[in-house]
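One-letter residues, chain by chain:
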Amino acid sequence: MDFLEKYELYACLQCGKCTGGCPVSLRAPLNIRSLMHEVLMGGSPEVALECPGLWDCTTCATCTLRCPRGLEPSELIVGLRGELVEQGNVPKTVIDALEGTFKHGNPWGKPRQKRTEWKEDIAVKVLPEEGEAEWLYFIGCAASYDPRLQGIPRILCRVFETAGVSFGILGTKESCCGNEIRRMGEEGLFEELREENTKNFNASGVKAIVTTSPHCFNTFSTEYELDGFQVLHYTQLLADLIKEGKVTFSHEVNKKVVYHDPCFLGKQHEVFDPPREILRAIPGLELLEFDRSRERSLCCEGGGGRMWAEGAGEGERNSEIRVKDAHEMGAEIIATACPFCLLTLEDGAKTTGLEEKVLIRDILELVAEAMGFDNV
Amino acid sequence: MDIIVCIKRVPEVAEIDLQVDQTGKGIQEEGLVFGVNDWDNYAVEEAVRIKEKHGGKVTAITVGSEESEDVVRRALALGADEAAVVTDPQAEGSDAYAIAKVLAAAIKDIPYDIILTGALADDDSYAQVGATLAELLDIPHATLVTAIEIEDKQVKIKRELEGGMEEELAVATPALFTIQSGINEPRYVSIMGIRKVAKIEVAKHDLGALGLSPDQVGSAGSFITVEKIFPPPVGEGAQILEGSPDEVATKMMDIFQKGGVV
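Engineer: Got a minute to help me understand the overall build of chain B in this structure?
Structural biologist: Across its full length, chain B carries 6 helices and 11 strands. When its C-alpha atoms are laid out on the principal axes, chain B stretches across 65 × 45 × 40 Å. Here chain B, with 262 residues, has 40% of them falling under the buried criterion. For chain B, the share of sequence-separated contacts (at least 6 apart) that also reach a separation of at least 24 residues comes to 71%. Entry remark: accessible area of chain B is about 14,400 Å², with carbon and sulfur atoms responsible for 50%.

Engineer: Would you take a moment to explain the interface of chain B and chain A for this structure?
Structural biologist: When the parts come together, some accessible area is lost, and that loss is often what is quoted as the size of the interface. Each side of the interface is counted separately: chain B has 17 residues, and chain A has 22 residues. A buried area of about 1,700 Å², summed over both sides, lies between chain B and chain A, and 53% of it is on carbon and sulfur atoms. Interface area lost by chain B to chain A is led by B:Glu15, B:Tyr188 and B:Ile191, which between them contribute 40%. The tally of links from chain B across to chain A stands at 5 salt bridges. A salt bridge links B:Arg74 to A:Glu99; the shortest N-O distance between them is 3.0 Å.

Engineer: Would you take a moment to explain empty space enclosed by the protein for this structure?
Structural biologist: In this approach, a probe sized like a water molecule rolls over the atoms, and the result shows the empty space that is left. Residue and element names in this part refer to chain A. In the structure shown here, the tally under the stated rule is 5 cavities of 30 Å³ or more. When contributions to the lining of the largest cavity are tallied by element, the ones reaching two or more residues are helix H7 (141–145), helix H9 (179–183), helix H11 (214–222) and helix H15 (339–351). The element that contributes the greatest number of residues to the lining of the largest cavity is H7, accounting for 3 residues. Considering only residue class, the lining of the largest cavity consists of 12 nonpolar, 4 polar and 1 charged.

Engineer: Explain the sheet that holds strand S6 (residues 114–118) of chain B to me, please; I cannot follow it from the model alone.
Structural biologist: Hydrogen bonds along the backbone pair up the strands of a sheet, which may run parallel or antiparallel. Residue and element names in this part refer to chain B. Judged by pairing direction, the sheet is mixed, and its 9 strands sit side by side in the order S9-S8-S7-S10-S6-S1-S4-S5-S11 without closing on themselves. The sheet is open, and its two borders are formed by strand S9 (166–172) and strand S11 (203–205), each paired with just one other strand. In this sheet, neighbouring strand axes are inclined to one another by 35° on average, regardless of whether the strands run parallel or antiparallel. As defined by bridge partners, strand S5 (residues 82–86) adjoins S11 across 3 bridges and the pair is classed as parallel. When the bridges of S11 are listed, Ala84 appears paired with Ala203.

Engineer: Got a minute to help me understand the packing of aromatic side chains in this structure?
Structural biologist: Two descriptors summarise a pair of aromatic rings, namely the distance from one centre to the other and the angle between the planes of the rings. Residue and element names in this part refer to chain A. What the rule picks out here adds up to 13 aromatic pairs over all chains. The interplanar angle of 55° and the centroid separation of 4.9 Å between the aromatic rings of Phe3 and Tyr7 together place this pair among those described as tilted. Members of the aromatic cluster, joined through ring pairs, are Phe138, Phe190, Phe201, Phe220, Tyr224 and Phe229. For the cation-ring pair, Arg322 lies above Phe290, with the distance from its terminal atom to the ring centre recorded as 3.7 Å.

Engineer: How should I be thinking about the nonpolar core in this particular structure?
Structural biologist: Considering soluble globular proteins, one finds that nonpolar side chains tend to be buried as a cluster. Counting 128 residues, the largest nonpolar core has A:Phe201 and A:Phe220 as its most contacted members. Top contributing element to this core by residue count: helix H8 (residues 151–163) of chain A, with 7 residues. If near-sequence neighbours (up to four positions away) are discounted, A:Phe201 is found in contact with A:Leu136, A:Phe138, A:Leu170, A:Val206, A:Ile209, A:Phe220, A:Tyr224, A:Leu226 and A:Phe229. The next biggest cluster of nonpolar side chains, apart from the first, holds 36 residues, and it includes B:Ala60, B:Ala75, B:Ala83 and B:Ala142.

Engineer: In this structure, what is going on with the sheet that holds strand S3 (residues 208–211) of chain A? I would like to understand it.
Structural biologist: Residues and elements named next belong to chain A. Taken together, the 4 strands give an open sheet; going across it, the order is S2-S1-S3-S4, and neighbouring strands pair in parallel fashion. At either end of the open sheet lies a strand with only one pairing partner, and these are strand S2 (167–168) and strand S4 (230–233). Taken strand by strand, H8 contacts strand S1 (135–138), S2 and S3, and its axis lies near 165° from that of S1.

Engineer: It is not clear to me how the pairing of strand S7 (residues 333–336) of chain A should be interpreted in this structure. Could you clarify?
Structural biologist: A regular strand carries its side chains on alternate faces of the sheet. Residue and element names in this part refer to chain A. Side chains of S7 alternate between two faces, with Ile333 and Ala335 and Ile334 and Thr336 buried alike. When S7 meets strand S8 (residues 359–362), the two strands line up parallel, connected through 4 bridges. Residue Ile333 lies in a different strand from S8, and its bridge partner there is Leu359. Crossover handedness for the path S7 to H15 to S8: right-handed.

Engineer: I tried to follow a nonpolar patch on the surface on my own but got confused; where do I start?
Structural biologist: A cluster of nonpolar residues, B:Met252, B:Met253, B:Ile255, B:Phe256, B:Val261 and B:Val262, forms a patch on the protein surface that exposes about 540 Å² of accessible area. Structurally, B:Met252 can be placed in helix H6 (residues 245–258).

Engineer: Please clarify how the layout of surface pockets should be interpreted in this entry.
Structural biologist: Roughly 980 Å³ of internal volume is contained in the second largest pocket. The wall of the second largest pocket is formed by 28 residues, among which A:Pro147, A:Arg148, A:Glu346, B:Pro245 and B:Asp246 lie closest to the centre. Secondary-structure elements contributing two or more residues to the lining of the second largest pocket are H8, H15, S8 and helix H16 (363–370) of chain A together with H6 of chain B. When residues in the lining of the second largest pocket are grouped by element, the largest group, 5 residues, is from H15(A). Residues belonging to the lining of the second largest pocket are distributed by class as follows: 10 nonpolar, 4 polar and 14 charged.

Rules and cut-offs
- Residues numbered from 1 in each chain as written.
- Chains lettered and ligands numbered in written order.
- Predicted model: local features only at pLDDT ≥ 70, side-chain atom pairs only at ≥ 80, totals over all residues.
- Heavy atoms only, no water.
- Helix = DSSP H or I, 4+ residues; strand = E, 2+ residues; numbered from the N terminus.
- Buried < 20%, exposed > 50% of the residue type's maximum accessible area, 1.4 Å probe, protein only.
- Contact = heavy atoms within 4.5 Å.
- Areas by Shrake-Rupley, 256 points an atom, 1.4 Å probe, with all protein chains shown as cover.
- Buried area = accessible area lost by both parts, 1.4 Å probe.
- Salt bridge = Lys/Arg side-chain N within 4 Å of Asp/Glu carboxyl O.
- 1 Å grid on protein atoms, 1.4 Å probe; cavity = no way out; pocket = protein on both sides within 12 Å on 5 of 7 lines; lining within 4 Å.
- Points joined across faces, edges and corners; volume = space filled by probe spheres on them.
- Nonpolar A, V, L, I, M, F, W, Y, C, P; charged D, E, K, R; others polar.
- Pairing = 2+ DSSP bridges.
- Axes fitted to C-alpha atoms, helices over the stretch in contact; angles between N-to-C directions.
- Phe/Tyr/Trp six-rings, centres within 6.5 Å; stacked < 30°, edge-to-face > 60°.
- Lys NZ or Arg CZ within 6 Å of the ring centre and 35° of its normal.
- Core = buried A, V, L, I, M, F, W, Y, C linked by side-chain atoms within 4.5 Å.
- Right-handed = clockwise from strand over helix to strand, strands pointing away.
- Patch = residues over 30% accessible without salt bridge, like charges linked within 9 Å, V, L, I, M, F, W, Y side chains within 5 Å.

Below, the structure written as structure tokens:
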């Protein structure tokens with residue numbers, strides 16, 4: 001199958017719904033409708049490889065979800081990046097992320113031995129060496145290594161402990177899920193990561209996986225072939241635990257909170273309600289909604305490898321728009337449920353000078369407050 | 001323009017808490033990740049770029065354990081045409097001089113115009129193999145090379161000097177250059193790329209096949225032997241700040257302010 005057939009470019013109507021919904025087309029030299037046309041007319045991917053906006057795409061998949069013909073324009077971007085990867089012609093920051101993942105199992109290139117440093121003194125079972133469990137908690141690279149995020153898995157472990165959830169982790173055996181790696185075009189490395197993680201999942205003895213990150217959740221759900229495994233994002237499991245009365249809140253969080261839907265959780269998997277159910281269950285918390293929310297949520301620009309590729313876009317970042325919108329509607333906190341969204345929004349809060357007025361929090365950080373956890 | 005690139009497999013030690021092994025003369029390798037020496041990666045890229053522009057053949061050679069085949073395979077995926085690995089337990093304990101002897105023996109039957117090596121290796125930082133190899137082969141060499149331009153019968157190169165200066169030299173070929181990092185931007189080598197070269201045969205030699213006797217290599221054939229490896233003693237005056245990033249930043253600002261820095 002040739003490149004044009006693989007991405008079904010012959011079926012494109014050139015209606016422009018893709019570009020119309022693209023969260024980066026207004027600030028970056030990327031017009032996905034016209035790119036589809038150029039590749040079709042040029043007869044090969046070569047004509048599009050010089051496109052300066054190729055690394056601006058966040059693979060949020062808005063284009064793919066809006067396409068009336070069911071085509072996948074965001075996958076065309078991944079395919080074009082794949083051509084560049086095979087030529088070796090990718091930005092240095094992307095090379096570092098890919099080589100870091102190949103060598104150390106994470107795109108930051110941090111040592112594997114330090115993958116469990118987030119735990120601090122929390123006792124968590126490593127599967128299968130230290131026993132059996134019902135759930136495998138997949139921490140993900142960002143939450144494992146980024147000091148701003150390391151507290152988030154600690155909170156979830158404490159929540160599981162309180163709720164009596166039987167769970168364990170892979171410890172230093174855990175490797176990058178590959179979601180971002182695949183989207184940076186490194187299909188071969190993605191395949192190796194999928195193979196290694198699948199082997200570890202099978203050996204762990206569990207039949208259910210819960211993730212911190214919507215990005216891991218996405219690739220496990222749709223790009224791994226995990227027969228007989230249930231895969232959930234933590235917001236889905238936590239919303240159920242609250243409904244079952246296993247997680248209760250003792251402290252009020254008297255804040256106006258607006259929820260930001262991560263693309264890989266919301267629009268790509270329609271997990272819109274569980275995060276909101278958790279926030280509504282927190283006493284004192286007033287939940288606000290962005291104008292652009294749920295399937296229309298504005299992408300934070302942290303996905304699709306953008307954590308390691310600056311892109312060519314200029315002007316106001318989406319995260320800055322998001323923070324300003326939140327401030328204008330009187331929100332004191334933007335809550336989200338994705339490590340990348342948290343980091344990009346926090347950057348937006350800093351660059352707009354609103355970092356003391358609009359706090360960026362993971363839902364779990366508000367849950368910890370409502371459960372009266374200290375030292376998190 | 002035929003080019004030989006000499007490369008080395010080294011451990012990645014950034015952010016790792018290295019431990020000295022039981023012999024006291026090496027490091028514990030368990031759990032370490034190995035890859036191509038960073039300077040050598042620039043050398044391979046430079047060789048392939050020269051080949052792409054001027055034609056010829058690139059051969060990658062390494063001396064080391066059997067696992068060293070990984071780094072020459074990677075060089076093949078990057079664009080080298082042929083590769084050789086010299087593996088022999090008797091070569092263990094070799095200093096730069098002994099390694100240069102092994103390399104000289106390995107390349108004696110391979111035609112070349114230029115030999116490239118990394119300026120130094122990430123692990124022992126001797127920076128001696130390149131220059132020693134050039135002496136053994138009786139060819140000119142230049143170290144810390146930051147640019148190479150091929151001309152007829154000679155090569156124009158730039159070298160890095162102290163104080164931000166550079167010098168430009170014309171060197172007659174055959175010649176050897178040790179490559180400084182930053183001479184180019186090495187391309188990415190994909191997993192598919194490595195899979196594609198899986199069928200290319202890598203030549204394997206032991207010392208006997210190269211006509212070397214055991215007393216020419218290892219500690220017997222070396223001027224330098226390692227007596228002891230140890231972490232440097234902890235000095236006075238360092239202060240390690242602890243706490244969350246916010247707390248550490250606040251403490252650091254305090255120190256800066258008290259010291260009159262800000």
